[in-house]
Amino acid sequence: MRICLLTADPEHPLLAAAAELLAPRHRVESLDPRDDRWARPAEALDAARGDLADVYLLKARTPRALALAAVLEERGAVVINSAAATARCQDRVEMAELARGAGLPFAGTRYVPTLAQLAADGEPSSPLVIKSRHSRRHDLVARVDSAARLHALAADWADEPVVVQEFTANSGWDLKLWVVAGRLFAARRRSELAPEGRGPTLPLPVADLPAAWTGPALRAGEVFDLEVYGVDILETAGGVPLIVDINAFPGIRGQAGAPNALAELALRAGGRAAGRAPRREPDPAPLPLARIPAPITNTTPTGAS
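From a predicted model like this one, the values you see are computed outputs, not experimental measurements.

K.L.:
Sorry, what's going on with the pairing of strand E13 (residues 241–248) here?
P.N.:
Walk down a regular strand and you will see the side chains alternate between the two sheet faces. Burial analysis of E13 places eight of its eight residues in the buried class, the great majority of the element. Taken together, the seven bridges between strand E12 (residues 228–235) and E13 define a ladder with antiparallel strand orientation. In the strand pairing of E13, Val 231 is matched with Ile 246. Counting the residues between successive antiparallel strands, the hairpin from E12 to E13 contains five residues, one of them, Gly 238, with a positive phi of roughly 85°.

K.L.:
What is the right way to read the nonpolar core from this model?
P.N.:
Soluble globular proteins: nonpolar side chains tend toward being buried together. Judged by nonpolar contacts, the single largest core of 27 residues is most densely connected at Ile 3, Leu 57, Val 180, Val 228 and Leu 262. The set of elements that each furnish at least two residues to this core consists of strand E1 (2–6), helix H1 (13–22), strand E3 (55–58), strand E9 (173–180), strand E10 (183–190) and helix H9 (258–273). Of the residues forming this core, the biggest block, eight residues, is contributed by H9. Among all residues touching Val 180, those that are not within four sequence positions of it are Phe 185, Glu 227, Val 228, Ile 252, Ala 261, Leu 262 and Leu 265.

K.L.:
Mind showing me how you'd approach the sheet that holds strand E11 (residues 201–203) here?
P.N.:
Working definition: the strands of a sheet are paired by backbone hydrogen bonds and lie parallel or antiparallel to each other. The strand order E11-E10-E9-E12-E13 describes an open sheet built from five strands, whose pairing is antiparallel. Looking at which strands have only one partner, the edges of the open sheet turn out to be E11 and E13. With strand direction ignored, the average angle separating the axes of adjacent strands in the sheet is 30°. The sheet contact formed by E9 and E10 spans eight bridges and is antiparallel. In the strand pairing of E10, Lys 176 is matched with Ala 187.

K.L.:
What exactly am I supposed to notice about the packing of aromatic side chains here?
P.N.:
The relation between two aromatic rings is expressed through the spacing of the ring centres and the mutual angle of the planes. Tallied over the full model, the rule gives zero aromatic pairs. Of note, Arg 133 hangs over the ring of Tyr 111, and the distance from its end group to the ring centre comes to 4.7 Å.

K.L.:
Explanation requested: the packing of helix H4 (residues 83–90) against helix H5 (residues 92–101) in the structure shown.
P.N.:
Geometrically, a packed helix pair is captured by the angle between its two axes and the distance between the axes. At a minimum axis distance of 5 Å, the contact between H4 and H5 shows a crossing angle of 100°. Of the possible angle classes, the one that applies to H4 and H5 is roughly perpendicular. Packed against H4, whose contacting residues are Arg 88, Cys 89 and Gln 90, the element H5 presents Arg 92, Glu 94, Met 95 and Leu 98 at the interface. Residues of the contact of H4 with H5, tallied by class, amount to three nonpolar, one polar and three charged.

K.L.:
Looking at this structure, how should I read the pattern of salt bridges?
P.N.:
Close approach of charged atoms allows side chains with opposite charge to pair. Counted under the stated rule, the structure contains 13 salt bridges. One salt bridge in this structure joins Arg 92 and Asp 139, with 3.0 Å as the shortest N-O distance. In this pair, Arg 92 is assigned in helix H5 and Asp 139 in the loop between strand E6 (128–132) and strand E7 (141–144), connecting sequence segments 47 residues apart. Asp 139 gets classed as buried once you look at its relative accessible area, which sits at 18%. Measuring nitrogen to oxygen at the nearest pair gives 3.8 Å for the salt bridge that ties Arg 92 to Asp 245.

Reading guide: rules and limits
Each chain carries its own residue numbering, running from 1 in the written order of its sequence. Restriction of local features to residues with pLDDT of at least 70 applies here, the model being predicted, together with a cutoff of 80 or more for giving and counting side-chain atom pairs; totals for whole chains, interfaces and linings are based on all residues. The basis for the side-chain values is all heavy atoms of the structure; hydrogens and waters are excluded. For every residue, the accessible area obtained with a 1.4 Å probe (protein chains only) is divided by the maximum for its type, and the residue is called buried under 20%, exposed over 50%, and partly exposed between those limits. Runs of H or I in DSSP of at least four residues are treated as helices and runs of E of at least two as strands, each being numbered from the N terminus. Any two strands with at least two DSSP bridges between them are considered paired. Side-chain atoms within 4.5 Å link the members of a nonpolar core, which is a set of buried Ala, Val, Leu, Ile, Met, Phe, Trp, Tyr and Cys residues. Two residues form a contact once any of their heavy atoms are found within 4.5 Å. Interaxial angle, 0 to 180 degrees, is taken between N-to-C directions of lines fitted to C-alpha atoms, where a helix line uses only the stretch in contact. Pairing of aromatic rings covers Phe, Tyr and Trp, the last counted by its six-membered ring, and requires centre-to-centre distances within 6.5 Å; plane angles under 30 degrees mean stacked, over 60 mean edge-to-face, and any other angle means tilted. Ring-over charges, as used throughout, are those where CZ of Arg or NZ of Lys falls within 6 Å of the ring centre and within 35 degrees of the ring normal. Working rule for angles: under 35 degrees goes down as roughly parallel, over 145 as roughly antiparallel, 65 to 115 as roughly perpendicular, anything else as oblique. Charged residues are taken to be Asp, Glu, Lys and Arg, nonpolar residues to be Ala, Val, Leu, Ile, Met, Phe, Trp, Tyr, Cys and Pro, and polar residues to be all remaining types, Gly included. In what follows, salt bridge is the name for a side-chain nitrogen of Lys or Arg lying within 4 Å of a carboxyl oxygen of Asp or Glu.

Dropping the structure here:
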């Protein structure tokens, strides 16, 4: 089976460990959507004149990566997660509307066209969390308690479209729940909005979590049509969970068994696409993330893989 990683970083620990599990029996390749050849994905695929891979794992979330994934899907390829599902998690307005419409305990969210417009409204009546509307690397995520803080942010982000959430008092620690094909992984991480700044990620046994927390996380996958995703949750007063973010194909670092779950998902999806079910093998032992990953071919456009 041919498995292609759509990513600029095939050596990412999760991907590299999953590739090492797959490499003995399957061909694992990578494709970097940043390459200029994929600026016009349809033309590049036409020029390739090759077969599609059995399954593509969409780890990149840039506009070019989403455009490439969408064209691959139009031509019959299996992409995990789909381009549409990934895009839904990039737009925080759409994310909040979809989550709240489905009854998930998602933070109340409103849209403001520019941060400068929000700053012009003056002193906030209560602490706020300001985020870029479009989730991306190095986007804006900040707590705001005063007009002075708003104006300071607007000096650098004046034209940034933002979403605004009421700050919810909490312990200062985010609960990170990750899901791979219905399998849960969990950790605690000190929030980047805590006074001390972002802190370490501490393992958390999933068995210790109540269903009131794990249930909404699993439900989010159904609502957003995601197979590999993360859910950030705050514990509010009385222990009520509040979802503040949903991420398509997060890193899931340091979680024993996550590479195994990802490798099995790739085989199942690829087998369905080829009209055959892959033979079930015993689960391999979880890989230490520090192991040297298996070689991954950075492909040419041939086969769009």
